[in-house]
Amino acid sequence: LITFAVLAQVSASVTPVVDFKFTDRDALGQVLGPECIEDSAGGRYVLRRHGEPRYMNIPQNPADGRALHFDGQSSYLLKGGIPAVTDDFVLEAWCRAARQDDPEWRGVVAHGDGGRGYCIVQHGRTWGLLVGGVGFVSAGPVVAGQWVHIAAIVHREENTLMLNGERVASFGRAKTIRPSFAVGDCGNGREFFSGDIS
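Residues numbered from 1 in each chain as written. Predicted model: local features only at pLDDT ≥ 70, side-chain atom pairs only at ≥ 80, totals over all residues. Heavy atoms only, no water.

Chemist: I keep staring at the overall build of the protein chain and nothing clicks. Help me out?
Modeler: When helices and strands are tallied, the protein chain shows zero helices and 19 strands. For the protein chain, the C-alpha radius of gyration of 15 Å lies close to 16 Å, the compact-globule estimate for 198 residues. Taking the principal axes of the C-alpha coordinates as reference, the protein chain spans close to 45 × 35 × 30 Å. Every one of the 198 residues in the protein chain was classed for burial, and the buried ones make up 48%. Excluding contacts between residues fewer than 6 apart, the proportion of contacts in the protein chain whose partners are at least 24 apart in sequence is 58%. Here the protein chain has roughly 8,700 Å² of accessible surface; of this, 48% comes from carbon and sulfur atoms. With 19 positive and 22 negative side-chain charges, the protein chain shows a separation of 3 Å between the mean positions of the two kinds. (Helix = DSSP H or I, 4+ residues; strand = E, 2+ residues; numbered from the N terminus. Rg over C-alpha atoms; globule rule 2.2 N^0.38 Å. Buried < 20%, exposed > 50% of the residue type's maximum accessible area, 1.4 Å probe, protein only. Contact = heavy atoms within 4.5 Å. Areas by Shrake-Rupley, 256 points an atom, 1.4 Å probe, with all protein chains shown as cover. Lys, Arg positive; Asp, Glu negative; His and termini not counted. Charge placed at Lys NZ, Arg CZ, Asp CG, Glu CD.)

Chemist: Could you clarify how one ought to interpret the packing of aromatic side chains in this entry?
Modeler: In this description, a pair of aromatic rings is defined by centroid distance and the angle of the planes. One pass over the full model with this rule turns up seven aromatic pairs. Grouped by ring-pair contacts, the aromatic residues Phe20, Phe22 and Phe181 constitute a single cluster. (Phe/Tyr/Trp six-rings, centres within 6.5 Å; stacked < 30°, edge-to-face > 60°.)

Chemist: Help me understand the environment of Gly43 in this model?
Modeler: Along the chain, Gly43 falls in the loop between β5 (36–38) and β6 (46–50). Classification of Gly43 by relative accessible area gives partly exposed; the value is 32%. For the pair formed by Gly43 and Phe20, sequence separation is 23 residues and the distance between their alpha carbons is 9.7 Å.

In structure tokens, the structure reads:
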């Protein structure tokens, strides 16, 4: 599950901008993921498949079906950007890493990229957030095979990084946001995630 939502200025309400669900109840074995995935929050945005992400593993909630597995080499999903979202928003994902210690940057979901925008990542033994013009903010340790929920909340009062519902860090705001939205990569077609996204 990848959710990208706008925070309302006046209250604590949240309006989903995109909500991509990566599970399939009917998938059996290693079934290739769909060529396009529409968002369920209005259908205005579509992710296009690159490489061969496959339905292989059980997600965080087994009733949802199988989750998409990303191979860490060439599989990711890409949308040309969500330009209207630059102020207050929430970017969140359910994911689990295939390897506990990976020296490369592995992008789970990116609004822009790590240099210009926000990217939830695995780096080494750590989950975190890459923020353009700010750097890397640690969220906590990676445990191979364990599902985690990571959320980056960008808000005019405070920017907060959450891991499994717990506040773990605050961070500065990105200077700019590149017009790109990617899943399974940092938004540049080079830093592919190795693991599952539900």
